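Structure at a glance
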Amino acid sequence: MHICVTGGAGFIGGHLCRRLLDEGHRITAVDNFDPFYPRAIKEEGIEDFPAHSFTLIETDICNTDTLLQALHGRSVDAIVHLAAKAGVRPSIEAPEAYERTNVGGTQSILTVAQELDIDAFIYGSSSSVYGNNEKIPFAEDDPVRHPISPYAATKRSGELLAHTFYHLHDITTHCLRFFTVYGPRQRPDLAIHKFARQLLTDQPITMYGDGTSSRDYTYVEDIADGVAKSLHRATSRDEPEYEIINLGGSETTELRDLISGIAGAVGISPEIEQLPEQPGDVKRTYADISKAGTLLDWEPETPIEVGLQRFSEWVTTYYADRPVLDV
């Protein structure tokens with residue numbers, strides 16, 4: 001198949017493109033290399049992709065006409081839409097920018113799918129849409145009416161836009177709710193990467209709250225596997241469908257245990273600086289993945305201890321010959 005992956009040079013996108021290329025697919029990736037984090041981290045992930053089966057279009061996903069012109073005549077079979085402005089805390093500081101990219105950009109990509117008669121659309125959503133859900137684990141039919149950050153609100157908006165295009169244009173659509181993805185080339189603002197840099201520069205680890213908040217951490221290659229299986233289901237359908245599917249590790253790790261885990265993987269004893277809880281942060285996430293098992297025959301395979309060790313091997317190598325980013 002020929003697959004368009006937006007955000008294809010990003011953290012999840014790069015791992016997904018590698019997985020799909022290994023399966024023999026052709027990939028057209030769209031990425032604008034947003035300066036939110038260094039371009040070099042993205043480029044590392046795609047630098048060895050074969051030119052005969054991988055094409056990169058460097059543009060903003062909001063540039064609908066540019067994308068239509070670039071993709072016209074390429075016979076794209078499916079779109080995996082991962083491009084977005086990410087991060088809960090930055091979205092509180094710049095909500096308009098998040099609305100433009102995450103809502104307006106999703107509208108743009110859906111329009112591209114409609115105009116080019118692409119009938120399979122995979123949308124990268126987020127566990128943040130659940131907010132401070134009291135019921136655990138989080139299931140796809142739980143109410144999601146109370147987002148607590150602009151980022152979460154934009155991801156839920158994307159799900160609703162995708163449903164509209166499914167309804168009006170018979171586009172098979174899967175909205176995949178990712179639960180705290182980590183691994184090599186993870187964004188530097190995310191906790192595991194930030195903690196590793198603090199350890200590598202002999203700084204105290206900044207822990208927000210008392211360390212009892214918990215997350216469902218999911219290794220990036222497991223996420224790429226789930227997206228690939230979603231894509232295969234979506235492109236083999238005789239009748240269109242709309243599904244929301246959790247992709248998570250299906251277990252929780254408290255923040256203080258995560259800090260111990262990454263410190264152990266890096267081999268440095270941590271000093272901890274406790275700070276107040278941050279606005280927009282949820283207390284916990286925990287995925288019910290039974291639907292992913294039923295529809296996609298998917299379950300995560302990487303225990304967090306193994307994933308943290310793989311991440312530590314990457315992060316220490318990456319910063320071995322370059323300055324550690326400001327923490």
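Below, the structure is looked at part by part. This structure is a prediction, so every number in the text was calculated from the model and none was measured. (Residues numbered from 1 in each chain as written. Predicted model: local features only at pLDDT ≥ 70, side-chain atom pairs only at ≥ 80, totals over all residues. Heavy atoms only, no water.)

Remarks on the packing of helix α9 (residues 255-266) against helix α11 (residues 304-318)
One way to put it is that α9 packs onto α11 with a least axis distance of 9 Å and a crossing angle of 50 degrees. With respect to α11, the element α9 is oriented oblique. Considering only the axes of α9 and α11, their crossing is right-handed. Every residue of α11 that contacts α9 at Leu258, Gly261, Ile262, Ala265 and Val266 is listed here: Ile304, Leu308, Gln309, Phe311 and Ser312. Residues of the contact of α9 with α11, tallied by class, amount to seven nonpolar, three polar and no charged. (Axes fitted to C-alpha atoms, helices over the stretch in contact; angles between N-to-C directions. Helix = DSSP H or I, 4+ residues; strand = E, 2+ residues; numbered from the N terminus. Parallel < 35°, antiparallel > 145°, perpendicular 65-115°, else oblique. Left-handed = near helix turned anticlockwise from the far one by under 90°. Contact = heavy atoms within 4.5 Å. Nonpolar A, V, L, I, M, F, W, Y, C, P; charged D, E, K, R; others polar.)

Quick look at the sheet that holds strand β5 (residues 120-126)
Taken together, seven strands build an open sheet; the order of strands is β3-β2-β1-β4-β5-β6-β11 and the sheet is parallel. The sheet is open, and its two edges are formed by β3 (54-57) and β11 (242-247), each paired on a single side. Strand after strand, the sheet turns through a mean of 20 degrees between neighbouring axes, direction not considered. Two strands pair when backbone bridges link them, and β5 and strand β6 (residues 172-178) are joined in this way by seven bridges, in the parallel orientation. Its bridge partner being in β6, Ile122 is matched across the sheet by His174. Its contacts with the sheet place helix α5 (residues 95-115) against β1 (2-6), β4 (78-81) and β5, and it is angled at close to 175 degrees to β4. Each of β1, β4, β5, β6 and β11 touches helix α8 (residues 220-235); the most contacted strand, β6, lies at about 165 degrees to it. (Pairing = 2+ DSSP bridges.)

What to know about a negative patch on the surface
The grouping of Asp77, Glu115, Asp117 and Asp119 at the surface amounts to a negative patch. Within the fold, Glu115 resides in helix α5. (Patch = residues over 30% accessible without salt bridge, like charges linked within 9 Å, V, L, I, M, F, W, Y side chains within 5 Å. Areas by Shrake-Rupley, 256 points an atom, 1.4 Å probe, with all protein chains shown as cover. Salt bridge = Lys/Arg side-chain N within 4 Å of Asp/Glu carboxyl O. Lys, Arg positive; Asp, Glu negative; His and termini not counted. Charge placed at Lys NZ, Arg CZ, Asp CG, Glu CD.)

Looking at empty space enclosed by the protein
In total, this model carries one cavity of 30 Å³ or more according to the counting rule given. As a volume, the largest cavity reaches approximately 40 Å³. Taken together, Ala9, Gly10, Phe11, Gly14, Tyr37, Ile41, Lys42, Gly45, Ile46 and Arg185 form the lining of the largest cavity. Elements with a minimum of two residues in the lining of the largest cavity: α1 (11-22) and α2 (39-46). The class makeup of the residues in the lining of the largest cavity is five nonpolar, three polar and two charged. (1 Å grid on protein atoms, 1.4 Å probe; cavity = no way out; pocket = protein on both sides within 12 Å on 5 of 7 lines; lining within 4 Å. Points joined across faces, edges and corners; volume = space filled by probe spheres on them.)

Re the packing of aromatic side chains
Taken as a whole and judged by the stated rule, the model has eleven aromatic pairs. For the ring pair Phe138 and Phe179, a centre distance of 6.4 Å and an interplane angle of 50 degrees mean the geometry is tilted. Here the residue Phe138 occupies a position in the loop between β5 and α6 (150-169), and Phe179 occupies one in the loop between β6 and β7 (181-182), the gap between them amounting to 41 residues. Judged by its relative accessible area of 0%, Phe179 is buried. When the centroid spacing of 5.6 Å and the interplanar angle of 65 degrees are considered together, the rings of Tyr182 and Tyr219 count as edge-to-face. Here Tyr182, found in strand β7, pairs with Tyr219, found in strand β10 (residues 218-219); they are 37 residues apart in sequence, far enough to count as distant. In this structure Tyr182 comes out as buried when scored by relative accessible area, which is 0%. Under the relative-accessibility criterion, Tyr219 is labelled buried at 3%. Ring pairs connect the aromatic residues Phe311, Trp314, Tyr318 and Tyr319, which therefore count as one cluster. The positively charged end of Arg39 is found above the aromatic ring belonging to Phe33, 3.9 Å away from the centroid. (Phe/Tyr/Trp six-rings, centres within 6.5 Å; stacked < 30°, edge-to-face > 60°. Buried < 20%, exposed > 50% of the residue type's maximum accessible area, 1.4 Å probe, protein only. Lys NZ or Arg CZ within 6 Å of the ring centre and 35° of its normal.)

Quick word on the environment of Ala78
Within the fold, Ala78 resides in strand β4. Between the C-alpha atoms of Ala78 and Met1, which are 77 residues apart in sequence, the distance is 8.1 Å. Once residues lying within four places of it in the same chain are set aside, the contact partners of Ala78 are His2, Ile3, Cys4, Ile118, Ala120, Leu231 and Thr235.

Some words on the pattern of salt bridges
Taken as a whole, this structure holds 19 salt bridges when the rule is applied. Arg237 is the partner of Glu241 in a salt bridge, and the nearest nitrogen-oxygen pair spans 3.5 Å. Classification of Glu241 as buried rests on a relative accessible area of 6%. Arg237 sits in the partly exposed class, given a relative accessible area of 34%. Put simply, Arg256 and Glu254 hold a salt bridge, and the shortest N to O gap is 2.8 Å. By sharing partners, the salt bridges in this structure join Arg19, Glu23, Asp225 and Lys229 into a single network.

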